[in-house]
Amino acid sequence: MKTFEKNGARIEVWRDLAELSARAGGLFTDIALGSIKVRGRFSVALSGGSTPRALFELLADDAHQHTLARAWASTHVFWTDERCVPPLDPQSNYRMAHEALLSRVPVPAKQVHRMRGEDEPESAAESYASLLEREFGARVPVFDLILLGMGTDAHTASIFPRSPLLKDSSGDQTIAAVYVEKLSAYRLTLTLRVLNRARNIIFLVSGAEKAEPLRKVFAAADKDEDLPARWVHAEAGELVWQVDEEAAGEMQKEKGKG
Ligand code: 6PG
């Protein structure tokens, strides 16, 4: 594993998705047990897409079941974003996490807080904002852990290039319903205000198609509206990027030239 620091973030480069998922599984476990010890509960927001599935399946395997056995009872599960589809839809981030992890571990159903993608987007966003306020007892929640991915266009959660959510990253909106032109679809997403407040933020990025956007994100001097992932920074917590060799390829080439 290679590691280096850039833009206030630690980047760890692993051989492949299996290795970075194993590392993320270790971090997830440490943060879960540490949060429960200090605060009596663990709050985590899961990302969607395909990359986190390997991690979710790992957290449900026998080894992790053993170490996390007592943690699930004190764990509250949320999402960073959701597609505006019903929970059984193949596109649903809830469905993926349910199949790969949540249906296989003893987390109480009342502590699984999914975004209601089947509802009218604005009202789904409003009800989730109220849920967050209720569950965290504060206007802006502070998660123990937020998992994030990055798209080939450098979007993260459902904050896409040139998103209005970038312009208004200082407002106290915690969740938004956004219409994504390129997908001709609505998405529900936590805002940067919430992402950057987390105690721990872990990006999972794998594959050669992510190499160029990742290079751009780390080469960008400052916030670029075409690179939403560049706007994620830990205000008071830890930010770590778990990437594989393929995804780090262009960045490492550039670093080698430096
Ligand atoms: C989503 C995600 C999104 C995802 C990236 C990367 O709902 O799609 O939350 O932000 O993390 O699109 O997706 P992959 O892991 O599939 O490349």
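Structure shown above.
Residues numbered from 1 in each chain as written. Predicted model: local features only at pLDDT ≥ 70, side-chain atom pairs only at ≥ 80, totals over all residues. Heavy atoms only, no water.

1. Re the packing of aromatic side chains
- As enumerated under the stated definition, the model contains nine aromatic pairs in all.
- With a centroid separation of 5.2 Å and an interplanar angle of 80 degrees, the aromatic rings of F78 and F143 are classed as edge-to-face. With F78 in strand β4 (residues 75-79) and F143 in the loop between α5 (121-136) and β6 (145-148), the pair connects residues that are 65 residues apart, well separated along the chain. With respect to burial, F78 and F143 carry one shared label: buried.
- Among the aromatic residues, ring-to-ring pairing joins F28, F42 and W72 into one connected group.
- Across the ring face of F136, the terminal group of R41 is positioned such that the distance to the ring centre comes to 5.1 Å.
- Directly above the ring of Y94 sits R114, whose terminal nitrogen or CZ lies 5.6 Å from the centroid. (Phe/Tyr/Trp six-rings, centres within 6.5 Å; stacked < 30°, edge-to-face > 60°. Helix = DSSP H or I, 4+ residues; strand = E, 2+ residues; numbered from the N terminus. Buried < 20%, exposed > 50% of the residue type's maximum accessible area, 1.4 Å probe, protein only. Lys NZ or Arg CZ within 6 Å of the ring centre and 35° of its normal.)

2. Some words on the layout of surface pockets
- Considered as a void within the structure, the largest pocket measures approximately 330 Å³ in volume.
- Residue lining of the largest pocket: 22 residues in total, with G48, G49, M150, G151 and H155 positioned closest to the centre.
- Residue composition of the lining of the largest pocket, by class: five nonpolar, 12 polar and five charged.
- Its volume calculated, the second largest pocket comes out at about 170 Å³.
- In terms of residue class, the lining of the second largest pocket is made up of six nonpolar, two polar and three charged. (1 Å grid on protein atoms, 1.4 Å probe; cavity = no way out; pocket = protein on both sides within 12 Å on 5 of 7 lines; lining within 4 Å. Points joined across faces, edges and corners; volume = space filled by probe spheres on them. Nonpolar A, V, L, I, M, F, W, Y, C, P; charged D, E, K, R; others polar.)

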